[in-house]
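Descriptive analysis of the structure
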Amino acid sequence: MFPNAFKYEAPTSVDEAIRLMDEYGYDGKVLAGGQSLLPMMKLRVAAPAVIIDINKLDELKGWSKVNGKLRIGAVTRQAELEHATELREQFPLLSRTARWVADPLVRNLGTVVGSLVHADPASDWGTAMLALNAVVEARGPKGERLIPIDEFLVDTFTTALDENELAVALHLPIPTKPVAARYMKLKRKAGDFAIAGLAVQVAVDNDGRVSEAGIGICNCGPIPLRAVKAEEALIGERLTAKTIENVSKLVPEEAEPVDDLRGSADYKKDLLRVFAARALREIAEELHGKVEVQ
Ligand SMILES: Cc1cc2nc3c(=O)[nH]c(=O)nc-3n(C[C@H](O)[C@H](O)[C@H](O)COP(=O)(O)OP(=O)(O)OC[C@H]3O[C@@H](n4cnc5c(N)ncnc54)[C@H](O)[C@@H]3O)c2cc1C
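Residues numbered from 1 in each chain as written. Predicted model: local features only at pLDDT ≥ 70, side-chain atom pairs only at ≥ 80, totals over all residues. Heavy atoms only, no water.

Locating E231 in the fold gives a position in helix 9 (residues 228–234). If we ignore the near neighbours within four places in the chain, the residues touching E231 are A213, G214, I215 and R226. (Helix = DSSP H or I, 4+ residues; strand = E, 2+ residues; numbered from the N terminus. Contact = heavy atoms within 4.5 Å.)

Right under this line is the structure:
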């Protein structure tokens, strides 16, 4: 189906984009990669009067390291992060997540920030960004603010952004210790959204004890969820078989899946337990080459 008619704006600066967003309010919609917005417009679930295309804004492209953070601009494509070999050591979860998202065509256009703003409960990126403790940099007529990902994702298709605020970048803390990460996902067919998924990142001290842990749960609640109890149970522990077993049992406790055509709630919870155990075992093996983890 064709979308409704709309006016097209292509600002050449962030200030101009914000001015347009402020002027059009709820009638305007930002266009990043268009991989969620355009299907919604074609289905007429969304019918914005004005499209504000941010793809010409050079200051939203690419990434840089500033003040201990990796700052990823809002129109950086998912595929760019997937193929950025220079980011793999410190941010392994970026490429590990990307390869599970849709297909190369979608990843070539879709942005990570666009996925976060779309706020689908099945967003693999929302899930990974919880594990990475991302912070969203937003700019609006009142200035700039930094929104931690846990506050940014409010509800299904709802974020903490005001209608006249542009998400300009993502900030990821640069790890100072050895890290390893895994993204695990079960889907019905290639390119599909998750039945359930899990993002895990762990950093360890030189003695092999976990110093930081991030665990995100995909498509098992109204938004991607954080497995807080499991994260807390990892801190200060070595990745022994016993710890992994205990922690993997905690992960599903914080999931809120529902029975649907993709599987029962119990099945999805068990998937999360299995994913957590598998991810932590692989992480322990990988980190073993860097520090004494067991
Ligand atoms: C066939 C297909 C399969 C897919 N499979 C998966 C999958 O397996 N896993 C997964 O996680 N995702 C999947 N997706 C979604 C995909 O990752 C989208 O690219 C992503 O959700 C949206 O990013 P985008 O840059 O295309 O945003 P757009 O579609 O351009 O925008 C999405 C929404 O965010 C708003 N927006 C975008 N950027 C900004 C900004 N900087 N500031 C303020 N508002 C903004 C837009 O106005 C719009 O409301 C799939 C999509 C398709 C088409």
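Attention now moves to the sheet that holds strand 11 (residues 179–186). In sheet architecture, strand pairing relies on hydrogen bonds along the backbone and comes in two forms, parallel and antiparallel. Spatial ordering of the open sheet is given by 11-12-13-14, a layout of four strands whose pairing is antiparallel. Two strands lie at the open edges of the sheet, namely strand 11 and strand 14 (225–226), each paired on one side alone. Judged from the eight bridges that link them, strand 11 and strand 12 (residues 196–204) form a sheet pairing that is antiparallel. When the bridges of strand 12 are listed, K185 appears paired with G197. Across the sheet, helix 7 (residues 124–131) lies against strand 11, strand 12, strand 13 (210–218) and strand 14, angled at about 160° from strand 13, the strand it touches most. Seen against the sheet, helix 11 (residues 265–288) touches strand 11, strand 12 and strand 13 and runs at an angle of roughly 150° to strand 11. (Pairing = 2+ DSSP bridges. Axes fitted to C-alpha atoms, helices over the stretch in contact; angles between N-to-C directions.)

Moving on to the domain arrangement of the chain. With domains assigned, the chain is organised as domain 1 (7–53), domain 2 (58–173) and domain 3 (179–289). Each of domain 1 and domain 3 has a C-alpha centre, and these two points are 35 Å apart. (Domains from an automatic or database assignment.)

On to the site of the ligand. Taken together, 32 residues form the shell around the ligand, and within it V30, Q35, L37, T111 and D124 come nearest. Taking V30, its main chain carries an N or O atom lying 2.6 Å from an oxygen atom of the ligand. Alone, the ligand offers 970 Å² of accessible surface; in the complex the protein occludes 90% of this. Among the elements that make up the shell around the ligand, the one with the highest residue count is helix 6 (residues 112–118) (five residues). Across the shell around the ligand, the residue classes break down as 16 nonpolar, 12 polar and four charged. (Near = heavy atom within 4 Å. Polar contact = N/O pair within 3.5 Å; in protein donor to acceptor, adjacent residues only side chain to side chain. Areas by Shrake-Rupley, 256 points an atom, 1.4 Å probe, with all protein chains shown as cover. Nonpolar A, V, L, I, M, F, W, Y, C, P; charged D, E, K, R; others polar.)

It is worth spelling out the layout of surface pockets at this point. One simple way to see leftover space: roll a probe sized like a water molecule over the atoms. Space inside the second largest pocket adds up to approximately 180 Å³. For the lining of the second largest pocket, the elements supplying multiple residues, two or more each, are strand 10 (166–173), strand 12 and strand 13. The residues that make up the lining of the second largest pocket include at least three from each of domain 2 (58–173) and domain 3 (179–289). (1 Å grid on protein atoms, 1.4 Å probe; cavity = no way out; pocket = protein on both sides within 12 Å on 5 of 7 lines; lining within 4 Å. Points joined across faces, edges and corners; volume = space filled by probe spheres on them.)

In spatial order, the strands read 4-5-10-6-7; together these five strands make up an open sheet with antiparallel pairing. With partners counted over all chains shown, the strands left at the sheet margins are strand 4 (63–66) and strand 7 (143–148), one partner each. Looking at each pair of strands side by side, their axes are set apart by 25° on average, direction ignored. With five bridges connecting them, strand 5 (residues 69–73) and strand 10 associate as antiparallel partners. Within strand 10, the position partnered with R71 by the bridge is H171. Running at roughly 125° to strand 10, helix 1 (residues 14–24) makes contact with strand 6 (135–140) and strand 10 of the sheet.

On to the environment of T76. By the secondary structure assignment, T76 is in the loop between strand 5 and helix 3 (78–83). The spacing of T76 and Q35 is 41 residues in sequence and 14 Å in space, taken between C-alpha atoms. Non-local contacts of T76, meaning those with residues more than four positions away in its chain, are made with L60, K61, G62, W63, L81, G110, T111 and V112. A polar side-chain atom of T76 sits 3.1 Å from the main-chain carbonyl oxygen of G62. Side-chain polar atoms of T76 contact the backbone oxygen of G73, separated by 2.8 Å.

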